Amino acid sequence: MTLATLKDVLTPAKRDGYAVAGLVVLGWEDARAYVAAANAEDVPVILQAGPGCRAHTPLPVLAAMFRHLAETATVPVVAHLDHARSVEECEEAIRCGFSSVMFDGSQLALDKNIEETAKVTRLAHRSGVSVEGEIGFVGYDGGASSHGTDPEEARLFADGTGIDAMAISIGNVHLRRARSAKLDFGLLRRIENLTDVPLVLHGGSGIPHAQRRMLALDSKVCKFNVGTELRQVFGASLRAELANNIGEFDRIRLLAAIEPSLCEAARAIIRTFSR
Ligand code: 13P
C-alpha cells in the first residue's frame, strides 16, 4: 500500500462507523510491530511521533522510517506528527515527509488557537498534508488538569481552521494506566450536533474497550490515540524476556523477541474499534 493522509483514513471511518488507531511510536521495533498488526487485521493505522519520541530521534529519521513502513505495508499507513507546539515544527515535519500533523494549540486563547491552527492548515493543505487540531484541553494523569471542550468553541474552531480532525476533551486524560476514564457522553453529543469534523480522543489507554467500540460504531469519534497501554506491554514483555534469558545481552535479539507480544497487543486494541 502507500502512505495515506489522516483525511484518507478518517473520512471512510466516520462514514462507515469504525475508528482508526493512532499508535504512539517510540522506535523502530514498536513501529514495525504496529504495522504488522494493521496488516494482519487488514485495517489502516496511524503511526504517531510525539514530543518524547522526537526528543530521542531526529524528525528526518522518523519520517523516513514511517514512510518506509508505509511503502512496504499492505494497508494505508499515516505518518503523523503528534502534539506539535509551533508552526515551525509542523513545517519541518511536512518538509521531512510526514503526511499528517497535529498542531496542539489547546493551551492558547481561542482566537490564537484558531489563528495558529489555520496557519498550519493552509500550509499543510498546500502540500497535501492533513491537520489535526485540539480544542479544550486533554490533561495528564498526575499532571495538568483537563478543560472540557465547549461545544460552541468547537464549532468556531472547526469552521475557522479547516482542520481535518478535531481532538476534544470529554473526560479522556493522557497517561492513564487503568481504564478508568469517565466520559461525558452528553457533552460529546452536543459537540457532534454542531460540527461534522471527524473527532479524536487522546488518552485512549484510559478508555474502557467497550466504550471505544460503542463510540466507534455510533459517534463521530473515529481516531483513538493509544500509547500508555502499549508501553506497559513493552515494559512487561522486556522484563519477562530479560528474566527468562539471563545471559542475553544483545539488543536486537532482546527486542526481536518481544515484537510478537507488541503486535498481539496492538491487534487486540485495533479489534476493539474496527468493523
Ligand atoms: P495514552 O498514552 O494515554 O494512551 O495517550 C496517548 C495520546 O493521546 C497521544 O497523543
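The paragraphs below set out a description of the structure included in this document. Computed from a prediction, not measured in an experiment: that's the story for all the values here. Position numbers for residues start from 1 in each chain and track the written sequence from start to end. Side-chain atom pairs in this predicted model are given and counted only at pLDDT of 80 or more, local residue features only at pLDDT of at least 70, and totals for whole chains, interfaces and linings cover all residues. Neither water nor hydrogens contribute to the side-chain values; these are computed over all heavy atoms in the structure.

Observations regarding the overall build of the protein
Okay, so step 1: Counting its regular elements, the protein contains 11 helices and nine strands.
Okay, so step 2: Computed over C-alpha atoms, the radius of gyration of the protein comes to 18 Å, within 12% of the 19 Å expected from 2.2 N^0.38 for 275 residues, which places it in the range of a compact globule.
Okay, so step 3: Projected onto its principal axes, the C-alpha positions of the protein cover 60 × 40 × 35 Å.
Okay, so step 4: Counted over contacts in the protein with a minimum sequence separation of 6, partners at least 24 positions apart contribute 71%. The secondary structure listing takes helices from DSSP runs of H or I that are at least 4 residues long and strands from runs of E that are at least 2 residues long, numbered from the N terminus. This radius of gyration counts C-alpha atoms alone. The globule rule is 2.2 Å times how many residues there are, raised to the power 0.38. Contacts are residue-level and defined by heavy atoms, with any inter-residue pair within 4.5 Å sufficient.

Observations concerning the side chain of E241
Okay, so step 1: Structurally, E241 is set in helix 10 (residues 228–244).
Okay, so step 2: Exposure is judged per residue with a 1.4 Å probe applied to protein chains only, and the accessible area is read against the type maximum: over 50% gives exposed, under 20% gives buried, and values in between give partly exposed. Think of it this way: Lys and Arg go in the positive column, Asp and Glu in the negative one, and His and the chain ends go nowhere. Here, a salt bridge means any side-chain nitrogen of Lys or Arg that lies within 4 Å of a carboxyl oxygen of Asp or Glu. An unpaired buried charge is present at E241: no salt bridge exists, and R253, the closest side chain of opposite charge, is 8.6 Å distant.
Okay, so step 3: Leave out the neighbours within four places in its chain, and E241 touches L254, A257 and I258.

Considering the site of the ligand
Okay, so step 1: We call a residue near a given molecule or strand whenever any one of its heavy atoms falls within 4 Å of it. In the neighbourhood of the ligand, 13 residues make up the surrounding shell, with D82, L175, S205, G227 and T228 lying closest.
Okay, so step 2: Separating an oxygen atom of the ligand from a backbone N or O atom of L175 is a distance of 2.7 Å.
Okay, so step 3: Here S205 contributes a side-chain N or O atom positioned 2.5 Å from an oxygen atom of the ligand.
Okay, so step 4: Those elements giving two or more residues to the shell around the ligand turn out to be strand 4 (77–84) and strand 9 (221–226). Two N or O atoms form a polar contact when they lie within 3.5 Å of each other; inside protein one atom must be a possible hydrogen donor and the other a possible acceptor, and for residues adjacent in sequence the pair counts only when both atoms belong to side chains.

With respect to the pattern of salt bridges
Okay, so step 1: Counted according to the given criterion, the structure contains 22 salt bridges.
Okay, so step 2: Between D218 and R189 there is a salt bridge, and its shortest N-O distance comes to 3.3 Å. Here D218 is found in helix 9 (residues 209–218), whereas its partner R189 is found in helix 8 (residues 185–194), with 29 residues between them in sequence.
Okay, so step 3: Under the relative-accessibility criterion, D218 is labelled partly exposed at 49%.
Okay, so step 4: By relative accessible area, which is 32% here, R189 ends up partly exposed.
Okay, so step 5: With a shortest N-O distance of 2.6 Å, E229 and R212 are connected by a salt bridge. Linking E229 in helix 10 with R212 in helix 9, this pair joins segments that are 17 residues apart in sequence. Across this residue pair, the class does not change: E229 and R212 are buried.

What to know about the state of the cysteines
Okay, so step 1: Disulfides are defined as cysteine sulfur pairs within 2.5 Å. One pass over the structure, following the stated rule, counts zero disulfides.
Okay, so step 2: With no disulfide of its own, C96 has C90 as its nearest cysteine by sulfur position, at a separation of 12 Å.
Okay, so step 3: Residue C222 stays outside any disulfide, its sulfur separated by 20 Å from that of C90, the closest cysteine.

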